[in-house]
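Breakdown of the fold
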Amino acid sequence: MSRKVNISVDNLPDTLRGQIHGVESAIDNESLALFTDNKDVRVSIENAAHGLRAYSNTFNHYDLWGRFVRSGHKKLPVEEAPKKTIVTRRISEKVDGILYDGEIKITPAVVSTRKDGEDVEYLVWPSDREEKVERALIRLASKGKIVKINFKSGIQYAVVFSMNELAQELKAVGQSMPYPQIKESLEALQGSKLSFKYSATDTRNSDIDDSFYESNMNFLSSLHFSGKKGQGGNVKCVACLNAFVHNMIDNLEYKGYYFNSAQELKRGLSRWMMLRLYHLWRYAAPGKTYHFRLLSIMEKYGSIYSTDEITENKLKALRRDMTTTMKDLIEKGAISEYNITNVKDDKTGNIIDYTYEMHPSDQFCDEILTLNKHNKRIEIQGGKRIVENAVLIDEDKIEEIVED
């Protein structure tokens, strides 16, 4: 397990030094100490050939939104830009009893690339490649490579790493990329913009008024590199997280998952579904199932839009994609089996959708129990969860809390 980074102003890039008053690492900062606390998410040698599973964090509703472009243009010369460059998606997710409903807009980044001896500007939409890099970046942060920087203009959380460290995280899950591609992905994340507009409704308490939110930001707030010419993987990087992610870290609005299990899957839909199961199926247990509609889940993923006409051939293609993903999840040990039910049009009798019912594997149930224990302990330590009549919170007490 990597040690938490201990960094000072002196070893930050020159572009940062004059802007900041100080730096705190996860060793010194309570919020970051909780975010990087993964000592209790151990899987025994009997249950895992590689001993400790790679642990990371996923942000509550933020990671469930369709923030990445799955189809259409992903990189284009600026002069070939379409008339509409902004991708608009619907938001509809219920997490921990809160229903998030609204829309998200994704604006591509402008990235300069050297081609035939000249700088060429491209529009880059954040796609599967950027999602892989973002997941690896948060994995590094969860391992302790995160700091609190006290800028003159305010406080930001930043991931501090080398290009080689990020490349190794990608390589560990079979997603190797050359350094130029990793750098371009980081630049695309920093340059791409997100626009949120949504309401949050507490479905468990009708007395609480709906909250409304509207924000504009980048995937990454800022990006800084330092090193020597020809240094390659030794180049140091500082990636400042956006304000939305910053607040979610402070408010403990994240959950743990096993990075390797999700990211080792080859297909984007399979990786996304695995992360979704870790995030939403927090009560997975023998006999309990998880349901979803095919068209709804594909819209959330970003394969289709609510305005798309779904022909019979398109529906068959979407089902084939999901069948492959179900097989991936079975092979990975997340689910033991699944069932499909046809959804028919009342008037024509034609199949217009499918309902999927998934059954968790014993392995996945054990993993969720371990992650839940860890999550409850973090919430208790962070003051988000109050346990009465408890002086000392040990492992047995945590297990009682989880089961309740």
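Description of the structure in this document.

Rules of the game
- Residues numbered from 1 in each chain as written.
- Predicted model: local features only at pLDDT ≥ 70, side-chain atom pairs only at ≥ 80, totals over all residues.
- Heavy atoms only, no water.
- Salt bridge = Lys/Arg side-chain N within 4 Å of Asp/Glu carboxyl O.
- Helix = DSSP H or I, 4+ residues; strand = E, 2+ residues; numbered from the N terminus.
- Contact = heavy atoms within 4.5 Å.
- Polar contact = N/O pair within 3.5 Å; in protein donor to acceptor, adjacent residues only side chain to side chain.
- Buried < 20%, exposed > 50% of the residue type's maximum accessible area, 1.4 Å probe, protein only.
- Lys, Arg positive; Asp, Glu negative; His and termini not counted.
- Phe/Tyr/Trp six-rings, centres within 6.5 Å; stacked < 30°, edge-to-face > 60°.
- Lys NZ or Arg CZ within 6 Å of the ring centre and 35° of its normal.
- Axes fitted to C-alpha atoms, helices over the stretch in contact; angles between N-to-C directions.
- Parallel < 35°, antiparallel > 145°, perpendicular 65-115°, else oblique.
- Nonpolar A, V, L, I, M, F, W, Y, C, P; charged D, E, K, R; others polar.
- Pairing = 2+ DSSP bridges.
- Expected span 1.5 Å × (residues − 1).

This next bit is on the pattern of salt bridges. Taken as a whole and assessed by the stated rule, the structure comprises 24 salt bridges. For Asp 202, the salt bridge identified is with Arg 204, shortest N-O distance 3.7 Å. Note that Asp 321 and Arg 267 form a salt bridge whose closest N and O atoms lie 3.9 Å from each other. Taken together, the residues Asp 321 in helix H10 (residues 312-332) and Arg 267 in the loop between helix H7 (259-263) and helix H8 (268-280) connect sequence positions 54 residues apart. In the salt-bridge network here, residues are joined through shared partners; they are Asp 63, Arg 67, Arg 70, Asp 128, Glu 131, Glu 134 and Arg 135.

Considering the arrangement of structural elements, one finds His 291 in strand E15 (residues 290-293). With 49 residues separating them along the chain, His 291 and Ile 340 place their C-alpha atoms 9.8 Å apart. The contacts of His 291, once residues within four sequence positions are left out, are Tyr 356 and Glu 357. A polar side-chain atom of His 291 sits 3.3 Å from a polar atom in the side chain of Glu 357.

Turning to the side chain of Arg 271, a few remarks are in order. Topologically, Arg 271 is positioned in helix H8. One buried charged residue, Arg 271, forms no salt bridge at all, with the nearest opposite charge on Asp 128 at 4.7 Å. Of note is the side chain of Arg 271, whose polar atom sits 3.1 Å from the backbone oxygen of Leu 265. With residues up to four places along the chain from it excluded, the contact list for Arg 271 reads Asp 128, Lys 132, Gln 175, Ala 262, Gln 263, Leu 265 and Lys 266.

Scanning the entire structure with this criterion turns up 20 aromatic pairs. Their ring planes at 50 degrees and their centres at 5.6 Å tell us that Phe 68 and Phe 219 sit as a pair that is tilted. Taken together, the residues span a long stretch of sequence, with Phe 68 in the loop between strand E2 (55-59) and strand E3 (75-77) and Phe 219 in the loop between strand E11 (211-218) and strand E12 (220-226) at a distance of 151 residues. In terms of burial, Phe 68 and Phe 219 fall into one category: buried. Taken together, the ring pairs connect Tyr 257, Tyr 258, Tyr 278, Trp 281, Tyr 290, Phe 292, Tyr 338, Tyr 356 and Phe 364 into an aromatic cluster. A cation sits over an aromatic face here: Arg 67 above Tyr 62, 3.9 Å from the ring centre. In this structure, Lys 183 packs its charged tip against the face of Phe 225, placed 4.7 Å from the ring centre.

With that settled, consider the packing of H8 against helix H9 (residues 294-301). Axis separation between H8 and H9 bottoms out at 11 Å; the angle between their running directions is 100 degrees. One element, H8, and the other, H9, form an angle in the roughly perpendicular class. Contacts between H8 and H9 pair Gly 268, Leu 269, Trp 272, Met 273 and Arg 276 from the former with Ile 297, Met 298, Lys 300 and Tyr 301 from the latter. Across the contact of H8 with H9, the residue classes break down as six nonpolar, one polar and two charged.

Bringing the pairing of strand E4 (residues 87-95) into the picture now. The alternating pattern of E4 places Val 87, Arg 89, Ile 91, Glu 93 and Val 95 on a buried face, while none of Thr 88, Arg 90, Ser 92 and Lys 94, on the opposite face, is buried. Taken together, the nine bridges between E4 and strand E5 (residues 98-107) define a ladder with antiparallel strand orientation. Paired with Val 95 across the two strands is Ile 98, which belongs to E5. Hairpin connection, E4 to E5: the antiparallel pair is bridged by two residues, and Asp 96 has positive phi, about 50 degrees.

All right, on to the sheet that holds E3 then. Here we have three strands laid out as an open sheet, ordered E3-E7-E6, and antiparallel in their pairing. Only two strands of the sheet have a single neighbouring strand rather than two, namely E3 and strand E6 (109-115). Each strand of the sheet is rotated relative to its neighbour by a mean of 40 degrees, with strand direction disregarded. Bridge analysis of E6 against strand E7 (residues 118-124) gives seven bridges, and the strand direction is antiparallel.

The end-to-end C-alpha distance of helix H3 (residues 128-142), which contains 15 residues, comes to 21 Å, matching closely the 21 Å that a straight helix rising 1.5 Å per residue would cover. Among the 15 residues of H3, 14 are classified as buried, and the element is accordingly described as predominantly covered. Just beyond H3, the residue with positive phi is Gly 144, at close to 120 degrees.

All right, on to the sheet that holds strand E10 (residues 193-202) then. Across the sheet, four strands lie side by side as E4-E5-E10-E11; this open sheet has antiparallel pairing. The open sheet has two edge strands, E4 and E11, and neither has a second partner. The mean inter-strand angle of the sheet, taken between neighbouring strand axes irrespective of direction, is 15 degrees.

As a further point, take the pairing of strand E17 (residues 351-360). Where E15 meets E17, four bridges bridge the pair, whose relative direction is antiparallel. Counterpart to His 291 in the pairing with E17 is Glu 357. Of the strand pairs in this sheet, strand E16 (residues 335-344) and E17 are connected by nine bridges, and their pairing is antiparallel. Paired with Ile 340 across the bridge in E17 is Tyr 356. The hairpin formed by E16 and E17 contains six residues between the paired strands, and Gly 349 there has a positive phi angle of roughly 80 degrees.

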